Structure formats: structure tokens, C-alpha cells
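Letter by letter, the chains look like this.
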Amino acid sequence: MSSDVVIIGGGVIGLTLAYKLAEEGVSTTIVERGEPGREASWAGAGMLPPGNFEKAKTPAALLRGLSDSLWSDLSNELLERTGVDNGYRSSGGMEVRYQSDESLSNEIEKWKLEEVPIEILDRKQLKQKEPLLSEKLTKAYFLPTMHQVRNPRQLSALYAGCQSRGVQFLLGQPVTNIKREGEKVLGVETLNGSINCGHVCIATGSWSGQLLNSLEINNSIKPVRGQIVLLRSQQHSLKHIIQRGSQYLVPRPDGRILIGSTMENVGFNKTTTASGISSLIQFALELVPELASATVEKTWAGLRPG
Ligand SMILES: Cc1cc2nc3c(=O)[nH]c(=O)nc-3n(C[C@H](O)[C@H](O)[C@H](O)COP(=O)(O)OP(=O)(O)OC[C@H]3O[C@@H](n4cnc5c(N)ncnc54)[C@H](O)[C@@H]3O)c2cc1C
């Protein structure tokens, strides 16, 4: 078997690359050890921070700015091509702090330098924008151009889009080795045979370290576990994404609210824990006490490529 490009890993990165390569007429194969889109890309909360490609100063900010500018067209194109609505919406997002927390001024300065739209909120404005938030929150800013996407839907749309463009899939097949001759990569090996190709792309998320090591490419990629609690609350709905540092609430239009997330260095362990889940629920109830009556619908954990 052969292909111009082999992409190892069918998460959001692998699927999106394949979708775009196929658009250019490049024959592309995704080799995925399980099913496409069932790891970090499925587990994530789908928050899409704003950016400004023209004003960005760091590599990460450039990527964020570029990504921000591509989402809308990609979402419309996928909807038209596959009929799947990925739930891409501009919900706006706010960063909030208690009185005793450190100031937000450095962050605010960073957004202003990037010329990303931002509103600084005093207590009264915060209450007006998001009435359910605790009175104890006193500092906040609002990013009106923050978006969100429903991860499982985005992955279904990408998978269907790839299939419609003729991307080949080899599923349930871990890549065990990258074939090479000196510095040149010739293809990939799986337990059921090998695929020759001109280019290999490693898009294996948290697991990329192992394949990169086999090519003697220095890296420090490691899994960072993130746990999530999904609540359902018909009476108490939030309007915007609410973040406090690394923890957040992401309200969906259907009344569901995601609470995320932990950041844990526990190896390739995707279990949820009592302390992780309880810390997330405690965080949510401190921010929005009315959520005490919400139903816990589901919990899960995923491994971010750190
Ligand atoms: C709880 C949580 C919340 C998050 N929230 C957000 C958020 O709000 N916004 C945001 O932008 N990001 C968020 N992220 C991060 C985001 O989910 C990841 O950065 C992104 O999904 C990484 O995509 P990926 O395709 O690189 O990896 P993955 O989705 O992990 O895909 C890698 C794929 O490679 C496959 N694979 C691994 N090894 C092999 C092999 N040897 N052979 C073949 N296949 C292999 C795996 O099975 C998997 O399908 C979150 C992550 C978590 C865990």
C-alpha cells in the first residue's frame, strides 16, 4: 500500500490536516490505532480563545490568531459538505477573580496589545452580564469574540469531510515503527504490514513522544490529564464562558454546562478521581451557587499533549 502522505493519529489535528491535504489533491492516509476522534480531541471543552494574527507577537499567539480567523469558514464549509453542525458559536467569555485574587491587569494588557476586543467589567457590569455569578467575584474582563465548538460534532464533521474527499483510513492499527533509510522517511509499519509514503506526519497527541524518540527527535511531550464534569440545568443557564485561571464553566445552548478542568501529571491514566471531580464541583458552586440543584450527567477525563 502507498500514499503521498501518511498521518499517524486521527484526532482533530490529524483529521483537519488530512481534510485540507485532500482538498489540494494530495493522496492521504490516516492510520489510527483506535477510532478517529476518541482521545483528547473528544474530551476537550471546545473553548476557542480569540486572537489577532496581524498583531500577534509570539508563535503561540500567531497560531491562535490564525486559527481564530479560520474557524468560521471551516465550520460553514463542513456544514455544507457534511450536514453536521459543529456548534461553532460566539458565546463570548469572561475571566473572573475574587477580591483576594491577584490583579488581572497583566492579562488585560496582553489582550489590548494584541488589539483583541475586550471590555473591563466592574462589579455591577459583571452582575448585569452574568446575573448568576457569586457576589464575591469583584474583578472581571469580557472577551466578546471568544467562541466555542462541540468537540464530538466537529470530529464527526471532519471525519465525514475526509471521507467525502477520499482520505483513506486504516483504523484499529497502531503505527509501531517509522521506516527510514538514513535521514529519509520511507513509510510506516503497523502490525498488519507497512505503508510506503513520501511524507509522514506525527499527529498522535500525548503519545507523540514515543514515535519522536524512535526518530531520535528530542522532545518533552507528556500526557496532562484533564477531568471534566458535565452538568445539566434547565433553570440556571449561563450566557457566557466563565474562566478563573485554568478552571472554567462552558454553557451549551441546550442547558448543559461543562466544568473543567484539572491539570495532572499522572502518566497515561484516563480515570476520573473523587478529588478531581469534587474540586471541579466545588469550583462551580463557589462561582454559581444556584448550580447546586443541577444534575450531574457525566464525568470523563482526557490526556492533553503537554
Ligand atoms: C479535559 C480537556 C479539556 C480541553 N479543553 C480545550 C479547550 O477548551 N480548547 C482547546 O483548544 N483545547 C482544549 N483541550 C486540548 C485539546 O483537546 C488538544 O490539544 C487536542 O485535542 C489535541 O489533538 P490531537 O489530534 O493532537 O490529539 P488526540 O485527540 O489525542 O489524537 C491523537 C490520536 O492519535 C492516536 N494514536 C496515538 N498513538 C498512535 C499510534 N502509535 N498509531 C496510530 N494512532 C495513534 C490516538 O488514538 C488519538 O486518536 C482540552 C483537552 C482536555 C483533555
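Residues numbered from 1 in each chain as written. Predicted model: local features only at pLDDT ≥ 70, side-chain atom pairs only at ≥ 80, totals over all residues. Heavy atoms only, no water.

Enquirer: So what's going on with the overall build of the chain? Residues and values would help.
Expert: The number of helices and strands found in the chain is eight helices and 17 strands. In terms of overall dimensions, the chain has C-alpha extents of about 65 × 45 × 40 Å along its principal axes. Looking at the 306 residues of the chain, the share that counts as buried comes to 47%. Summed over all atoms, the accessible surface of the chain reaches about 15,100 Å², with 52% contributed by carbon and sulfur. Here the chain contributes 33 positive and 32 negative side-chain charges, whose respective centroids are spaced 5 Å apart. (Helix = DSSP H or I, 4+ residues; strand = E, 2+ residues; numbered from the N terminus. Buried < 20%, exposed > 50% of the residue type's maximum accessible area, 1.4 Å probe, protein only. Areas by Shrake-Rupley, 256 points an atom, 1.4 Å probe, with all protein chains shown as cover. Lys, Arg positive; Asp, Glu negative; His and termini not counted. Charge placed at Lys NZ, Arg CZ, Asp CG, Glu CD.)

Enquirer: Which residues make up the pairing of strand β2 (residues 28–32), and what values go with them?
Expert: The element β2 is extensively covered by neighbouring structure, given that five of its five residues are classed as buried. Burial along β2 is two-sided: the residues Thr28, Ile30 and Glu32 and Thr29 and Val31 are all buried. One ladder, built from four bridges, connects strand β1 (residues 2–8) with β2; its direction is parallel. Paired with Val6 across the two strands is Thr29, which belongs to β2. Following the chain from β1 across helix α1 (residues 12–23) to the adjacent parallel β2, one finds a crossover that is right-handed. Bridge analysis of β2 against strand β9 (residues 168–171) gives four bridges, and the strand direction is parallel. Bridge pairing links Thr29 to Gln168 in β9. (Pairing = 2+ DSSP bridges. Right-handed = clockwise from strand over helix to strand, strands pointing away.)

Enquirer: Describe the packing of α1 against helix α6 (residues 151–164), and please don't skip the residues or the numbers.
Expert: Two elements in contact, α1 and α6, have axes separated by 9 Å at closest approach and are oriented at 35 degrees. The two elements α1 and α6 meet at a crossing, and its hand is left-handed. Two secondary-structure elements touch here, α1 through Val12, Leu15, Thr16, Ala18 and Tyr19 and α6 through Leu155, Leu158, Tyr159, Gly161 and Cys162. In terms of residue class, the contact of α1 with α6 is made up of eight nonpolar, two polar and no charged. (Axes fitted to C-alpha atoms, helices over the stretch in contact; angles between N-to-C directions. Left-handed = near helix turned anticlockwise from the far one by under 90°. Contact = heavy atoms within 4.5 Å. Nonpolar A, V, L, I, M, F, W, Y, C, P; charged D, E, K, R; others polar.)

Enquirer: Tell me about the sheet that holds strand β16 (residues 256–260), and name the residues and values.
Expert: Strand order in the open sheet made by the eight strands is β6-β7-β5-β14-β15-β16-β13-β17, with mixed pairing throughout. Unpaired on one side and paired on the other, β6 (119–121) and β17 (295–305) mark the two borders of the sheet. Shown here is a sheet whose adjacent strand axes are inclined to one another by a mean of 20 degrees, direction ignored. Across six bridges, the pairing between strand β5 (residues 93–98) and strand β7 (residues 137–143) is antiparallel.

Enquirer: How would you summarise the nonpolar core if you had to cite specific residues and measurements?
Expert: Membership of the largest hydrophobic core comes to 33 residues, with the highest contact counts inside it found for Leu15, Ile30, Cys162, Val167, Leu258 and Trp300. When we break this core down by domain, the ones giving at least three residues each are domain 1 (2–46 + 151–214) and domain 2 (222–306). Not counting chain neighbours up to four residues away, the residues in contact with Leu258 comprise Gly44, Ala45, Ile228, Val229, Leu230, Tyr248, Leu249, Val250, Arg252 and Trp300. (Core = buried A, V, L, I, M, F, W, Y, C linked by side-chain atoms within 4.5 Å. Domains from an automatic or database assignment.)

Enquirer: Tell me about the pattern of salt bridges, and please be specific about residues and values.
Expert: Here the idea is simple: oppositely charged side chains can pair when their charged atoms come close. With the rule as written, the count across this model stands at 19 salt bridges. The partner of Lys55 in a salt bridge is Glu115, and the shortest N-O contact between them spans 3.7 Å. Here Lys55 is found in the loop between β3 (47–48) and α3 (59–82), whereas its partner Glu115 is found in the loop between α4 (105–113) and β6, with 60 residues between them in sequence. Among the salt bridges present, the one from Glu216 reaches Arg180, with a minimum N-O distance of 3.8 Å. Of this pair, Glu216 sits in the loop between α7 (208–214) and β13 (223–232) while Arg180 sits in strand β10 (residues 175–181), and the two are 36 residues apart along the sequence. The network of salt bridges with shared partners includes Arg150, Arg232, Asp254, Arg256 and Glu297. (Salt bridge = Lys/Arg side-chain N within 4 Å of Asp/Glu carboxyl O.)

Enquirer: Can you explain the domain arrangement of the chain? Please cite residues and give values.
Expert: The domain architecture assigned to the chain consists of domain 1 (2–46 + 151–214) and domain 2 (222–306). The centre of domain 1, based on its C-alpha atoms, is set 29 Å off from the matching centre of domain 2. On the domain 2 side, the residues contacting the 10 residues of domain 1 number 15 residues. For the pairing of domain 1 and domain 2, the buried interface totals around 970 Å² over both sides, and the portion due to carbon and sulfur atoms is 58%. Of all residues in domain 1, the largest losses of buried area upon contact with domain 2 belong to Ala43, Ala45 and Ser206, amounting jointly to 49% of the total for that side. Our count for the contact surface shared by domain 1 and domain 2 stands at one salt bridge. Residues Lys270 and Glu39 are paired through a salt bridge, measuring 3.1 Å at the closest nitrogen-oxygen approach. Counting across the domain 1 and domain 2 interface gives five residue pairs in polar contact (both at pLDDT 80 or more). If one sorts the elements of the side of domain 1 that touches domain 2 by residue count, helix α2 (residues 40–43) sits on top with three residues. Its residues placed into classes, the side of domain 1 that touches domain 2 shows five nonpolar, four polar and one charged. (Buried area = accessible area lost by both parts, 1.4 Å probe. Polar contact = N/O pair within 3.5 Å; in protein donor to acceptor, adjacent residues only side chain to side chain.)

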